[in-house]
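Each chain, written out:
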Amino acid sequence: MNAAIDPVAWSATLLGLFCIAIAIGALRQPGTWRTMVEEIDQSPALKLLCGFVELFIGAVIYLLNPWDANDLLSTVMKVLGGLMMIEALVVMAISDLYFQTWLKNLAALQRLWPAVTLVAGVVLAGAGMMRFG
């Protein structure tokens, strides 16, 4: 592997940019996430596909980032990858309960979740970009 490629920096930057983009979309069009979760909840095929994609992306993030107690960003990315895998398995096992909980949550906190996602994205992307030489 090329020593110039920092998987921690790249995974944090890309995940952060993704979070920024989806948060901007959700803030521009409130209710989008609720509609998306409703559509996924209604389709067994979408549940399977979303669960698999999240499991795969979470595994890639988890496996690319070393556990290094002296490197906060790599530790955060490792934990995020692990949480994504756990969430994917929960989606596959109890999606009916999980999505209903999110639908209630999204209805009550329609603006808060995108704002939190935006802040997390800025922090992740910024921390990742700071590692580029």
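Residues numbered from 1 in each chain as written. Predicted model: local features only at pLDDT ≥ 70, side-chain atom pairs only at ≥ 80, totals over all residues. Heavy atoms only, no water.

1. Thoughts on the layout of surface pockets
Reasoning step 1: If you add up the space inside the largest pocket, you get close to 1400 Å³.
Reasoning step 2: Lining the largest pocket are 33 residues, and of these Phe18, Ile22, Glu54, Met84 and Glu87 sit closest to its centre.
Reasoning step 3: Among the elements of the structure, helix 1 (7-28), helix 2 (32-42), helix 3 (44-64), helix 4 (72-108) and helix 5 (112-130) are those that each provide at least two residues to the lining of the largest pocket.
Reasoning step 4: Ranked by residue count, the leading element in the lining of the largest pocket is helix 4, at 9 residues.
Reasoning step 5: Taken together, the residues that form the lining of the largest pocket break down as 28 nonpolar, 3 polar and 2 charged. (1 Å grid on protein atoms, 1.4 Å probe; cavity = no way out; pocket = protein on both sides within 12 Å on 5 of 7 lines; lining within 4 Å. Points joined across faces, edges and corners; volume = space filled by probe spheres on them. Helix = DSSP H or I, 4+ residues; strand = E, 2+ residues; numbered from the N terminus. Nonpolar A, V, L, I, M, F, W, Y, C, P; charged D, E, K, R; others polar.)

2. What to know about the environment of Gly126
Reasoning step 1: Topologically, Gly126 is positioned in helix 5.
Reasoning step 2: With relative accessibility at 28%, the residue Gly126 sits in the partly exposed group.
Reasoning step 3: Remark: the alpha-carbon pair of Gly126 and Pro44, spanning 82 residues in sequence, is separated by 37 Å. (Buried < 20%, exposed > 50% of the residue type's maximum accessible area, 1.4 Å probe, protein only.)

3. Concerning empty space enclosed by the protein
Reasoning step 1: According to the stated counting rule, one finds 1 cavity of 30 Å³ or more in the structure shown.
Reasoning step 2: As a volume, the largest cavity reaches approximately 70 Å³.
Reasoning step 3: Around the largest cavity, the lining residues are Ala26, Pro30, Gly31, Thr32, Trp33, Arg34, Leu106, Leu109, Gln110, Trp113 and Pro114.
Reasoning step 4: Those elements that provide at least two residues to the lining of the largest cavity are helix 2 and helix 5.
Reasoning step 5: The element that contributes the greatest number of residues to the lining of the largest cavity is helix 2, accounting for 3 residues.

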